[in-house]
Amino acid sequence: SYIRMNSAVETGGLAYTLSSVDTSGKSTTVLTVPYATLVNYDGYVNIELDIFNPGTIIAQGDIGGNALTTTNKIYTLAEDSSSGISGTARFDKRKNGFTLVTIDLTTGGVLPPGAYPAQINLGSVATIGTPEKRKTLNPLDGITRMSLTNIRTLNDGTLITYDNWMLYDGFMSIHNAADTIDIISLGNIGSN
């Protein structure tokens, strides 16, 4: 069991080693770190199967500043080709003000296995033209038909919070794995 840096979606280096989980499903560790530090820590907990299977994660969860609040916004992602694929993009606010974005394209169509590029662009679906990519998201997995991305900055390094996204003039696009110009699903976000 470990506390690691960053969020579970981002992964990160080892910060603290915790006692192993016992047969009752519990673990107790005394750390020499102030409580206030852990309450706001930029990290997550990993519980691994056992010492013989390092890296086999059986549970994990964000902690401290990465903990999710109850504030979220769901946007519709519509089909943008003959794919028949649609779904949602959910923006969840973290305690530290940053955002977890979950794309779920589990509605309709056939999506072959592969990595489908996803991005947040400037402008709206109505004025799409050539998308001006502002944030590259983790690719959508063709098998699970989902993508999770923790967002702290835009591609150019500009900090962006959940509250900024709620006012953002943008749209999301998910592209074909084989032909990244072909958009299979898209939808407006923020002020659009």
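Residue indices begin from 1 for each chain and proceed along its sequence in written order. Only residues with pLDDT of 70 or above have their local features reported here, since the model is predicted, and side-chain atom pairs are shown and tallied only from 80 upward, although totals for entire chains, interfaces and linings are computed over all residues. Excluding hydrogens and water, the side-chain values take into account all heavy atoms of the structure.

**Some remarks on the overall build of the protein chain**
A run of H or I in DSSP counts as a helix once it spans at least four residues, and a run of E counts as a strand once it spans at least two, with each numbered from the N terminus. Each helix and strand in the protein chain was counted, giving two helices and twelve strands. In the protein chain, the order of α-helices and β-strands from amino to carboxyl end is β-β-α-β-β-β-β-β-β-β-β-α-β-β. Principal-axis analysis of the C-alpha atoms places the extent of the protein chain at approximately 55 × 35 × 25 Å. In what follows, residue pairs with any heavy atoms lying within 4.5 Å of each other are defined as contacts. Looking at the protein chain alone, contacts between residues at least 24 apart form 57% of all its contacts between residues at least 6 apart. Counting only carbon and sulfur atoms, one obtains 56% of the accessible surface of the protein chain, whose full area is about 10,000 Å². Here the positive residues are Lys and Arg and the negative ones are Asp and Glu; neither His nor the chain ends is included. For charged residues, the charge sits on one atom: NZ in Lys, CZ in Arg, CG in Asp, CD in Glu. The positive charge centre, built from 12 side chains, and the negative charge centre, built from 17, are 7 Å apart in the protein chain. Computed with the Shrake-Rupley method and a 1.4 Å probe, the accessible areas treat only the protein chains shown as cover for residues.

**Considering the packing of aromatic side chains**
We call Phe, Tyr and Trp rings a pair once their centres come within 6.5 Å, taking the six-membered ring for Trp, and we label the pair stacked below 30 degrees between planes, edge-to-face above 60, and tilted otherwise. In the structure shown here, the tally under the stated rule is four aromatic pairs. When the NZ atom of lysine or the CZ atom of arginine is within 6 Å of a ring's centre and also within 35 degrees of its normal, the charge is said to sit over that ring. Over the face of the ring belonging to Tyr-2 we find Arg-4, whose NZ or CZ atom lies 5.3 Å from the ring centre.

**Structural notes on the environment of Ser-124**
If you trace the backbone, Ser-124 turns up in the loop between strand S8 (115–122) and strand S9 (132–141). On the basis of relative accessibility, which here comes to 13%, the residue Ser-124 falls in the buried class. Between the C-alpha atoms of Ser-124 and Gly-190, which are 66 residues apart in sequence, the distance is 9.8 Å. Not counting residues within four places of it along the chain, the set of residues in contact with Ser-124 comprises Asp-169, Phe-171, Asn-188 and Asn-192. Burial classes: relative accessible area under 20% of the type maximum marks a residue as buried, over 50% as exposed, and values in between as partly exposed (1.4 Å probe, protein chains only).

**Notes on the nonpolar core**
To define a nonpolar core, start from buried Ala, Val, Leu, Ile, Met, Phe, Trp, Tyr and Cys residues and group those joined through side-chain atoms within 4.5 Å. Ranked by internal contacts, the top residues of the largest apolar core, which has 24 residues, are Phe-91, Ile-103, Ile-120, Trp-165, Met-172 and Ile-174. Mapped by element, the contributors of at least two residues to this core are strand S5 (68–79), strand S6 (86–94), strand S7 (99–107), S8, S9, helix H2 (162–167), strand S11 (169–175) and strand S12 (183–190). In this view, Trp-165 contacts Tyr-75, Phe-91, Thr-99, Ile-120, Lys-135, Ile-151, Leu-154, Ile-160, Ile-189 and Gly-190; residues no more than four positions away in its chain are not counted.

**Some words on unusual backbone geometry**
Notably, Asn-6 is not glycine yet its phi reads approximately 75°, a positive angle. Relative to the elements of secondary structure, Asn-6 occurs in the loop between strand S1 (2–5) and strand S2 (14–17). Positive phi, close to 60°, is recorded for Arg-145, a residue that is not glycine. With respect to the helices and strands, Arg-145 occurs in the loop between S9 and strand S10 (146–151). Accessibility expressed as a relative area gives 13% for Arg-145, which makes it buried.

**What to know about the pairing of S7**
Every regular strand shows the same layout, with side chains that alternate between the two sheet faces. Across seven bridges, S6 lies against S7 in antiparallel orientation. Note that in S7 the partner of Thr-88 across the bridge is Asp-104. For two strands to count as paired, DSSP must find a minimum of two bridges between them. Once S6 ends, the chain turns through four residues before running back antiparallel as S7, passing Gly-97 with a positive phi of about 95°. Of the strand pairs in this sheet, S7 and S10 are connected by six bridges, and their pairing is antiparallel. Bridge pairing links Thr-99 to Ile-151 in S10.

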